[in-house]
Amino acid sequence: MPSKRELFLQNVAQTSGLSLALDIDHASGMYIYDTSGKRYYDMNSGISVSSLGHCHPRVVQAIHDQVDSYMHTMVYGEHVQSPQVSYAAELMKLLDDHFESLYYLMSGTEATELAMKIGKRYTGRYEIVCARHAYHGSTQGAESLRSDEDYKQPFMPLLPGIRHIDFNCIRDLGLITERTSCVIIEGVQGEAGVIPPIPGYLKMVRERCSEVGALLVMDEIQSGFGRTGHLFAHQKYDIIPDILLIGKAMGGGMPIAGVVSSKEIMNCLISKPVLGHITTFGGHPVSCAAALATLTVLIEDNLINQVNKKEQFIKNKLQHPIIKEVRSAGLMMAVEITKLKYLKHVVGYAIENGVLIDWFLFNNRSFRLAPPLIATIEELDAATDILLKAMDYAQARYKK
Ligand SMILES: Cc1ncc(COP(=O)(O)O)c(C=O)c1O
């Protein structure tokens, strides 16, 4: 009889040979418990998803209530579903007046795809500018935005007309021209290893887009919903993009994402062609109900206002000879280690000792910290104690 782990490796498609294969029993608050009863501090939030922790009771209740009334009734946009309507209305209240309309999707990569389509359709241009070492998703359109040529080669041909700029490089803004349909950029680069914008940079990107008539698309799929200490990073850096991409933490653990923009821009999906973008499950009522509860808790429990205090606590605590730098934008954090050889031992020890931390896609010198916003200072204290021990352990391995 094969074990569950063997069946997982055999029958569930894998994307690397290095799966952690943590056998989950249940999860609650900032903790994940495996089937052996071991408790882990989730210092990743499932990559910036579980900002309210796992199974927040108000989110769970909202899901139960919605399941009791209806689930799928019709493809996107055809029926009036209260959870969709209420959520969109609540979100708009928290955004600049420019934002009027939310297109619901199921994943961040779909939001990227839709933004690319809107950019082309609205401007009549096809070039897209994006930043190197950004990650916007794994479908072929979103993948075309990736800067790593070696990675893209096996999937060629991808989309033509993609131009890359270096994030934070002002000179490169000249590559945004009258041929650019849209610029897709993160407010804080996530997978590059948490690279915040230099002062004024995003405002310059905004100005350049306005100058040449290109749409500015901000991918806040990872940085959104309070993670940076503001509801959205563009609010932190005081700019208004034309299009906002949201996902991940939006659903409090349920799959949901979206594209937010003005009515005028979004209306380009209505004609020439009609049904400019369609989806069966986008804005699923159960996910929308979970999203509404998530947003309500985020605001009512004042969680965003506590982010900077928690960020500062972690930064003060993480002092160690093998730490080169801690980069952060709120609780979106990267800990860079002085030598590559230490990192795998730090990550290995931390997980072994009950703290889940993770790697970045495009930065092999740092590990990721993205604890749930509900984590208390005491919990962060206990988790970072273990991280410091992990660093002692890694350092000791190379001492004579
Ligand atoms: C900034 C950013 N954009 C887009 C995506 C893709 O989102 P999804 O995995 O939901 O398709 C991610 C996922 O990590 C992301 O971090």
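**Q** Would you mind going over the sheet that holds strand β12 (residues 332-337) with me for this structure?
**A** Backbone-to-backbone hydrogen bonds pair the strands of a sheet. The strands run either parallel or antiparallel. Strand order in the open sheet formed by three strands is β11-β12-β14, and the pairing between neighbours is antiparallel. Looking at which strands have only one partner, the edges of the open sheet turn out to be β11 (323-329) and β14 (366-369). Taking each pair of neighbouring strands and ignoring which way they run, the sheet shows an average axis angle of 20°. Pairing of β11 with β12, which is carried by six bridges, proceeds in the antiparallel orientation. Residue R327 lies in a different strand from β12, and its bridge partner there is A334.

**Q** How do you make sense of the domain arrangement of the protein chain when you look at a structure like this?
**A** Many authors give the size of an interface as the accessible area that is lost as the parts come together. Segmentation of the protein chain into domains returns domain 1 (4-55 + 303-397) and domain 2 (57-300). When each unit is reduced to the centre of its C-alpha atoms, the spacing between domain 1 and domain 2 is 26 Å. Looking at the side of domain 1 that touches domain 2, the elements with two or more residues in it are α12 (307-317), β11 and β12. Partitioning the side of domain 1 that touches domain 2 into residue classes produces 16 nonpolar, nine polar and two charged.

**Q** How should the site of the ligand be read in this particular structure?
**A** With respect to spatial proximity, 15 residues lie near the ligand, and among them S107, G108, T109, I221 and Q222 are the closest. Of the residues forming the shell around the ligand, the biggest block, three residues, is contributed by helix α5 (residues 108-123). Tallied by class, the residues present in the shell around the ligand amount to four nonpolar, nine polar and two charged.

**Q** Looking at this model, I keep getting lost on the pairing of strand β9 (residues 243-246). Mind explaining?
**A** Consecutive side chains along a regular strand alternate between the two faces of the sheet. Here β9 shows no split at all, with I243 and L245 on one side and L244 and I246 on the other all buried. Across three bridges, the pairing between strand β8 (residues 215-219) and β9 is parallel. Note that in β9 the partner of M218 across the bridge is L244. One ladder, built from three bridges, connects β9 with strand β10 (residues 257-261); its direction is antiparallel. Bridge pairing links L244 to V260 in β10.

The rules we used
Residues numbered from 1 in each chain as written. Predicted model: local features only at pLDDT ≥ 70, side-chain atom pairs only at ≥ 80, totals over all residues. Pairing = 2+ DSSP bridges. Helix = DSSP H or I, 4+ residues; strand = E, 2+ residues; numbered from the N terminus. Axes fitted to C-alpha atoms, helices over the stretch in contact; angles between N-to-C directions. Domains from an automatic or database assignment. Nonpolar A, V, L, I, M, F, W, Y, C, P; charged D, E, K, R; others polar. Near = placed C-beta within 6 Å. Buried ≥ 20, exposed ≤ 12 C-beta atoms within 10 Å, placed from the backbone.

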